[in-house]
Amino acid sequence: VGAPTCLAFNVGCITSCACGYIGMKVAVYANVRTAHEAWLDLQKGFNVALRAGSVMGFCLVSLGVFVLFGLLVLFRGVLFSTDASDAEDLYEALAGYGLGGSSIALFGRVGGGIYTKAADVGADLSGKNEFGIDEDDPRNPACIADNVGDNVGDVAGMGADLFGSFAESTCAAFVIAGSSYKVADGIAGNYPATLFPLLMSSVGIIVGLVTMMVVGCFYKVNEVSKIESALKGVLNISTVLQTPAVIGLAYYVLPAKFALDEKFDNVTPEKCIASVLLGLWSGLVIGYATEYYTSHTYRPVREISETQRVSAATGIIYGLALGYLSCIVPTICIGITVAVAHTVAGMYGVALGALGMLGTVTMGLAIDVYGPISDNAGGIAEMSKLGADVRRKTDALDAAGNTTAAIGKGFAIGSAALVSLALFGAFTVRAKIESVDILDPWTFTGLLYGAMMPYAFSAMTMKSVGIAANDMVEECMRQLKLIFEGSAKPDYERCIAISTDASLREMIAPGALVIISPLAGGVLFGKNCTAGMLSGALVSGVQLAVSMSNSGGAWDNAKKYIESGGLGPEHAKGSNAHKAAVIGDTVGDPLKDTSGPSLNIVVKLSAIMSLVFGTVIADHSGPTGGPFWL
């Protein structure tokens, strides 16, 4: 860890912040425009929300690629020599860029999640359940904080998360490739070939632009039922277009044969293509599986709605079961990708698989950011009293947005798993770990601790949302009594201050847990302990993140299904079934928007911390990888 790593870290932080700021700015401008266009025409409202979301996707990838390439040119031409023997040190210093992006993602995801859910839960419980008004009713003091929180958590937070994934997977591929200078025909000696991971992301920008130009030709949103299919069409088209683009790029850039180490000394473009395409198409499959479990178009969510006619408890039981069941398909997809990619190209193949899943990140972010824009457009329509027809359109856009947000979280979790494994591979290279043996006592100790970390982290973040939501409910109840008496007006700023203070205060402890644990474990108990810790956090964190996110998304859309009259007029808005659905949605809010998505950062940030400080951890380890003091 030296000056180049610190420089890369700071640049990564600044770039991540810039991407989040631009995305939030565009989302805020687009909210009111979407509401206005939905007032005129459903297709126009859909187009504004989707195009505004695409700005975030294009901004994130283009800025990330440009800045990372600029750092690479600076390091290679000024701070390091152009010799292949210097490539390892160069790319290890460049890993600081990924650490910077992931650090901001931690605070964006955790802080943003606490902010938005404190406001959302407070608005729901005090407004809907106690006074019978919507969370977006202008009389509800928390309505502005709720709308602001959607931008903070779902736009800036998701953007920072995926920026971190892009930066970390690219840096992991660079580090693994850079270590190949020691073998004959190592890819480190072929500079254009080492840029293949970065060029893949660049090609993804062009594919995204083409997708946005042609999607309207294939999918017309002239009625409510076609919104979801149009959003899925964005992913379908971009995945299909990315496939030949990656194949052509690999044959153009990569040599006919190259080596990564002594074991993988005959890697070909075909093997790299297989790794990338497995990640790319696994991402699409995970997206479809997530949609099946979270959209009220399909049976699982409707089953939850039907049980909520009986009680909130039965709906919560069904939702939890749905979340656990939804882990199966993503796990199989990730497992197949890892097995094949590692078999043909080692950890470099796993890193390419992660980049393949992120190949359509421009469009993945577009449909994800579409969600909070549509949600806030509905809030603006409600506050502006635009009429039931406009609200019906914005509710339809929002319901589809809930599903696409869940799909986006599925992408983020799947890519986080592959990124974390790629970073783990890069860490083993840097720390000189030949194999990870769970029979080693220090490895197994780290494995147990790592598996516990996601649960401890989730407990901290969920409790933080509960504490902040309690404060919000008390403040809203105090204000609403005065508002309904006619003696006061809503004090929106007070509710915003409650969410802001809670998010800043409560994100410190979970952040410290993730940042300090791998470094402390490595320095005190050796590099084998850190290796076990990373493995445990990855395996348990991915399962927990998928189940939490999908349970929360299913409860949210079960509520939307009831509100749209799916159970009949006797169980519509305001009925006992609707109140039970609101309770389920409230329970699911911190799961799907705070704890679940934040677990991506747990598995990635702990891995990138270990990679950046890999030499320090190795130097404080014993001869066999255990503690230095034994």
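That block above? That's the structure.
Residues numbered from 1 in each chain as written. Predicted model: local features only at pLDDT ≥ 70, side-chain atom pairs only at ≥ 80, totals over all residues. Heavy atoms only, no water.

1. A word on the overall build of the protein
Stated precisely, the cut-off is as follows: Going along the chain from the N terminus, every DSSP run of H or I of four or more residues is numbered as a helix, and every run of E of two or more is numbered as a strand. Taken over C-alpha atoms, the radius of gyration is set against a globule rule of 2.2 Å times the number of residues to the power 0.38. Burial classification: accessible surface area is computed with a 1.4 Å probe over protein chains only, and a residue below 20% of its type maximum counts as buried, one above 50% as exposed, and the rest as partly exposed. Here a residue-residue contact requires only that any non-hydrogen atoms of the pair lie within 4.5 Å. Note on areas: these come from Shrake-Rupley sampling with a 1.4 Å probe, and a residue is covered only by the protein chains present in the view. His is not counted here, nor are the chain ends, while Lys and Arg score as positive and Asp and Glu score as negative. For this purpose, a charge sits on NZ of Lys, CZ of Arg, CG of Asp or CD of Glu.
Along the protein, the regular secondary structure elements total 19 helices and 0 strands. For 630 residues, the compact-globule formula gives about 25 Å, and the C-alpha radius of gyration of the protein, at 24 Å, lands near that figure. Dimensions of the protein, computed from C-alpha atoms along their principal axes, come out at roughly 80 × 55 × 40 Å. The buried share of the protein, reckoned over its 630 residues, is 62%. Nonlocal contacts in the protein, meaning residues at least 24 apart in sequence, comprise 83% of its contacts between residues at least 6 apart. Counting every atom, the protein has about 21,900 Å² of accessible surface; 65% of that belongs to carbon and sulfur. Treating the 39 positive side-chain charges of the protein as one cloud and the 53 negative ones as another, the clouds have centres 4 Å apart.

2. Topic: empty space enclosed by the protein
Selection criterion: Here a cavity denotes grid points, spaced 1 Å and computed from the protein atoms alone, that fit a 1.4 Å probe unable to get out, and a pocket denotes an open set having protein on both sides within 12 Å along at least 5 of 7 lines; residues with an atom within 4 Å of a point are the lining. Grid points are joined across faces, edges and corners, and a volume is the space filled by probe spheres set on the points. Ten residue types, Ala, Val, Leu, Ile, Met, Phe, Trp, Tyr, Cys and Pro, are classed as nonpolar, four, Asp, Glu, Lys and Arg, as charged, and the remainder, Gly among them, as polar.
On inspection of all chains with the given rule, the structure shows 2 cavities of 30 Å³ or more. The volume enclosed by the largest cavity comes to roughly 70 Å³. Lining the largest cavity are Leu162, Met357, Leu358, Thr360, Val361, Gly364, Leu365, Gly408 and Phe411. Looking at the lining of the largest cavity, the elements that each hand over two or more residues are helix H12 (361-383) and helix H13 (388-430). Examining the composition of the lining of the largest cavity, we find that 3 residues originate from one element, H12, more than from any other. The residue makeup of the lining of the largest cavity, split by class, is 6 nonpolar, 3 polar and no charged. Taken together, Ile286, Thr290, Pro330, Ile334, Gly410, Ile413, Gly414, Val546 and Asn550 form the lining of the second largest cavity. When contributions to the lining of the second largest cavity are tallied by element, the ones reaching two or more residues are helix H8 (269-294), helix H11 (328-357), H13 and helix H17 (527-563).

3. Brief notes about the pattern of salt bridges
The following threshold applies: Here, a salt bridge means any side-chain nitrogen of Lys or Arg that lies within 4 Å of a carboxyl oxygen of Asp or Glu.
On inspection of all chains with the given rule, the structure shows 23 salt bridges. For Asp593, the salt bridge goes to Lys592, with nearest N and O atoms at 2.7 Å. You'll find Asp593 and Lys592 in the same group, each marked buried. Through salt bridges that share partners, Lys117, Asp120, Asp398, Lys409, Asp556, Lys560, Asp589, Lys592 and Asp593 make up one connected network.

4. With respect to the nonpolar core
Defined as follows: Residues belong to one nonpolar core when they are buried, are Ala, Val, Leu, Ile, Met, Phe, Trp, Tyr or Cys, and are joined through side-chain atoms within 4.5 Å.
Grouped together as the largest cluster of nonpolar side chains are 158 residues, with contacts concentrated most on Phe46, Leu50, Tyr97, Phe196, Ile227, Tyr348 and Tyr370. Of all hydrophobic cores here, the second largest spans 8 residues; its members include Ala119, Ala142, Ala145 and Cys495.

5. Overview of the environment of Ala469
Residue placement: Ala469 occurs in helix H14 (residues 441-485). The spacing of Ala469 and Ser499 is 30 residues in sequence and 8.4 Å in space, taken between C-alpha atoms. Setting aside chain neighbours within four positions, we find Ala469 in contact with Ala118 and Val121.

6. Section: unusual backbone geometry
Positive phi outside glycine occurs at Asp185, with the angle close to 60 degrees. Examined against the element boundaries, Asp185 turns out to sit in the loop between helix H4 (143-178) and helix H5 (191-194). Unlike most non-glycine residues, Lys432 shows phi in positive territory, near 60 degrees. Topologically, Lys432 is positioned in the loop between H13 and H14. Since its relative accessible area comes to 61%, Lys432 is described here as exposed.

7. A short note on the packing of aromatic side chains
Centre distance and the angle of the planes are the two values used to describe a pair of aromatic rings. Convention followed: Stacked, tilted and edge-to-face are the three classes applied to pairs of Phe, Tyr and Trp rings, where Trp contributes its six-membered ring and a pair requires centres within 6.5 Å; stacked means planes under 30 degrees apart, edge-to-face means over 60, and tilted covers the rest.
The final tally for this structure, using the stated rule, is 8 aromatic pairs. Judged by centre distance (5.8 Å) and plane angle (65 degrees), the ring pair of Tyr97 and Phe163 falls under edge-to-face. A residue pair is termed long-range when its members are at least 10 positions apart, and Tyr97 in helix H3 (residues 87-131) and Phe163 in helix H4 qualify at 66 residues. No difference in accessibility class separates Tyr97 from Phe163, as the two residues are buried. Ring geometry for Trp442 against Trp629: centres 6.1 Å apart, planes inclined by 85 degrees, an arrangement best described as edge-to-face.

8. Some words on the layout of surface pockets
Reported here for the largest pocket is a volume of approximately 970 Å³. Around the largest pocket, the lining is made up of 35 residues, and of these His342, Met347, Gly425, Thr428 and Val429 lie nearest the centre. Contributions of two or more residues to the lining of the largest pocket are made by H11, H13 and H17. Tallying contributions element by element places H11 first for the lining of the largest pocket, with 9 residues. Partitioning the lining of the largest pocket into residue classes produces 19 nonpolar, 9 polar and 7 charged.

9. Concerning the packing of H4 against helix H6 (residues 196-218)
To be explicit about the condition: Axes, fitted as lines to C-alpha atoms, cover a helix only where it is in contact. Angles between the N-to-C directions of the axes lie from 0 to 180 degrees. Roughly parallel means an angle under 35 degrees; roughly antiparallel means over 145; roughly perpendicular covers 65 to 115; every other angle is labelled oblique.
Interaxial distance between H4 and H6 falls to 9 Å at its minimum, and their mutual angle equals 150 degrees. Judged by the inter-axis angle, H4 sits roughly antiparallel to H6. Residues Phe166, Thr170, Ala173 and Phe174 of H4 form the contact with H6, whose own contacting residues are Pro197, Leu198 and Ser201. Residues that form the contact of H4 with H6 fall into these classes: 5 nonpolar, 2 polar and no charged.

10. As for H14
Note the cut-off: For a helix, the expected span equals 1.5 Å multiplied by the residue count minus one. Fitting axes to the seven residues that end at a residue and to the seven that start at it, the angle between those axes gives the bend at that residue. The term polar contact refers here to a pair of N or O atoms within 3.5 Å; inside protein, the definition further demands a hydrogen-donor-capable atom paired with an acceptor-capable atom, and it admits residues adjacent in sequence only when both atoms are side-chain atoms.
Here H14 is 45 residues long and its end C-alpha atoms lie 66 Å apart, about the 66 Å a rise of 1.5 Å per residue gives. Its maximal kink placed at Met453, H14 deviates by approximately 30 degrees, while the proline Pro454 follows within four residues. Where H14 begins, the capping side chain belongs to Asp440, and its oxygen is found 3.0 Å from the backbone nitrogen of Trp442. Downstream of H14 by a residue or two, Gly486 has a phi angle that is positive, lying close to 85 degrees.

11. Considering the packing of helix H2 (residues 42-79) against H12
Stated formally: Should the near helix be turned counterclockwise from the far one by less than a right angle, the crossing is left-handed, whereas a clockwise turn marks it as right-handed.
The contact between H2 and H12 brings their axes to 7 Å, and the two run at 135 degrees. By the angle between their axes, H2 is oblique relative to H12. Every pair of crossing elements has a handedness; the one defined by H2 and H12 is right-handed. Contacts between H2 and H12 involve Phe46, Ala49, Leu50, Ala52, Gly53, Ser54, Met56, Gly57, Phe58, Leu60 and Val61 from the former and Val361, Thr362, Met363, Leu365, Ala366, Ile367, Val369, Tyr370, Ile373 and Ser374 from the latter. For the contact of H2 with H12, the per-class residue count stands at 16 nonpolar, 5 polar and no charged.

12. Overview of the state of the cysteines
We apply this condition: Two cysteine sulfurs form a disulfide in these notes if their separation is within 2.5 Å.
Scanning the entire structure with this criterion turns up 0 disulfides. Of the cysteine sulfurs around Cys19, a residue in no disulfide, the closest is that of Cys59, at 4.6 Å. Take Cys19: its relative accessible area is 1%, and that puts it in the buried class. The thiol of Cys495 is not disulfide-bonded; the next cysteine sulfur, from Cys476, is found 4.1 Å away.

13. A short note on the side chain of Lys560
Tracing the sequence through the fold places Lys560 in helix H17. On the basis of relative accessibility, which here comes to 12%, the residue Lys560 falls in the buried class. Among all residues touching Lys560, those that are not within four sequence positions of it are His296, Asp398 and Asn402.

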